[in-house]
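Listed below, chain by chain, are the residues.
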Amino acid sequence: MNPASQTRPNRNLTSNPNRGPAATSGRGAFTRYTTTTYSSRFWAFPKSKTQKDRHGSNETGDEELNPYLLSYQKRMLDIGGALTILAILSPLLLIVALIIRLSSRGPALFRQTRTGASGRTFTIYKFRSMKLQPKAQEAIVQARRGDERVTSFGRFIRRTSIDELPQMLNVLNGTMSLVGPRPHAAEHDAYYVTRIPNYSLRFAVLPGLSGLAQINGARGATPRLEDMERRVAYDLAYIQSASLRSDLRILAATMREMLFSPSAY
């Protein structure tokens, strides 16, 4: 799937997934797309189109987000999808949690601070797939193929993306959506935001359980800056072109990725 074929490029968000996003946006663009104030975490809708940035200047809404991203339609898809998945898979989730507790020391759930919509931080939930690390080694390092920190059962739930299923709780509490840019660890955001000029535009919307980048192979570790640039390009293409139809297509492709993805580990 080529994001360029799904949208008419916005000059402020021009991107090419094959060479990374264009470096055309700065603090002004970040403010324009991230000053939305959410009236409810559950519903995640804006109070007003006109907001003030931290320097006091008004954002009039001339550069509005794709309306679908803040619509009841998308939120109802999130709520209905998350509740359905939890209802169907609850026995599996309980079994996975039990195996994690019995197979390695530590809690079944892993919690980490991520950056969400409007740059607000939130706690993301995942099934723990790694061994507990000593306090002195708690610096956040991306997982890689053959990572010794990953447990034997952790390799299975990571490869099948079962470790991500607790994020349905994030979807229900309004800190995430089923589809959107994948949230990164806060310290990784701090690193990339100074190196990729339009990286901050990802914070204009709720982060997602899956996204356009993930179904196009732009997932996993990003050892080179261009790897993250490619991911960001897909994220910005999604923000421009998102619709109910594209979300359903991405969710269907995500199911395929969970079973057959060569980039999962």
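Each residue is numbered by its place in its chain's sequence as written, counting from 1. Given that this is a predicted model, residues contribute local features only at a pLDDT of at least 70 and side-chain atom pairs are listed and counted only at 80 or more, while totals for whole chains, interfaces and linings are drawn from all residues. The basis for every side-chain value is the complete set of heavy atoms in the structure, and neither hydrogens nor water enter the calculation.

Enquirer: Explanation requested: the overall build of the protein in the structure shown.
Expert: Segments assigned H or I by DSSP are reported as helices when at least four residues long, segments assigned E as strands when at least two residues long, and all are numbered from the N terminus. Counting its regular elements, the protein contains eight helices and eight strands. Buried means the residue's accessible area, taken with a 1.4 Å probe over protein chains only, is under 20% of the maximum for its type, while exposed means over 50%, and partly exposed covers the values in between. Buried positions account for 52% of the 265 residues belonging to the protein. Expressed as a percentage of contacts within the protein between residues at least 6 apart in sequence, the contacts between residues at least 24 apart total 71%. Surface exposure here means Shrake-Rupley accessible area, sampled with a 1.4 Å probe, where a residue is shielded only by the protein chains that are shown. Just so you have it, the protein exposes about 13,500 Å², and 56% of that area is on carbon and sulfur atoms. By definition in these notes, contact holds between two residues if any of their heavy atoms fall within 4.5 Å.

Enquirer: Sorry, what's going on with the pattern of salt bridges here?
Expert: Pairing is possible between side chains that carry opposite charge, provided their charged atoms lie close to one another. By convention in these notes, a salt bridge is any Lys or Arg side-chain nitrogen within 4 Å of a carboxyl oxygen on Asp or Glu. Inspection of the entire model under this criterion finds eight salt bridges. Residues Lys126 and Asp163 are paired through a salt bridge, measuring 3.8 Å at the closest nitrogen-oxygen approach. In this pair, Lys126 is assigned in strand S6 (residues 121-127) and Asp163 in the loop between helix H3 (152-159) and helix H4 (168-172), connecting sequence segments 37 residues apart. On the basis of relative accessibility, which here comes to 11%, the residue Lys126 falls in the buried class. A salt bridge links Glu164 to Arg182, with the shortest nitrogen-to-oxygen separation between them at 3.2 Å. Here Glu164 is found in the loop between H3 and H4, whereas its partner Arg182 is found in the loop between strand S7 (177-179) and helix H5 (186-192), with 18 residues between them in sequence. There is no split in this pair, since Glu164 and Arg182 are both buried. When salt bridges that share partners are traced, they join Lys126, Asp163, Glu164 and Arg182 into one network.

Enquirer: Even after reading the chapter, I still don't get helix H7 (residues 225-241), so can you show me in this structure?
Expert: Each turn of an α-helix holds 3.6 residues, which means side chains three or four residues apart point in the same direction. In this model, H7 (17 residues) spans 25 Å end to end at C-alpha, consistent with the 24 Å of a helix rising 1.5 Å per residue. In terms of burial, H7 is largely enclosed, as 14 of its 17 residues are buried. Here the expected length of a helix is defined as 1.5 Å per residue gap, with one fewer gap than residues.

Enquirer: Got a minute to help me understand unusual backbone geometry in this structure?
Expert: One can expect most non-glycine residues to show negative phi and most peptide bonds to be in trans. Its identity as a non-glycine residue notwithstanding, Ser118 has a phi of 60°, on the positive side. As for its position among the elements, Ser118 is in the loop between strand S5 (109-115) and S6. Positive phi, close to 65°, is recorded for Ser161, a residue that is not glycine. Tracing the chain through its elements places Ser161 in the loop between H3 and H4.

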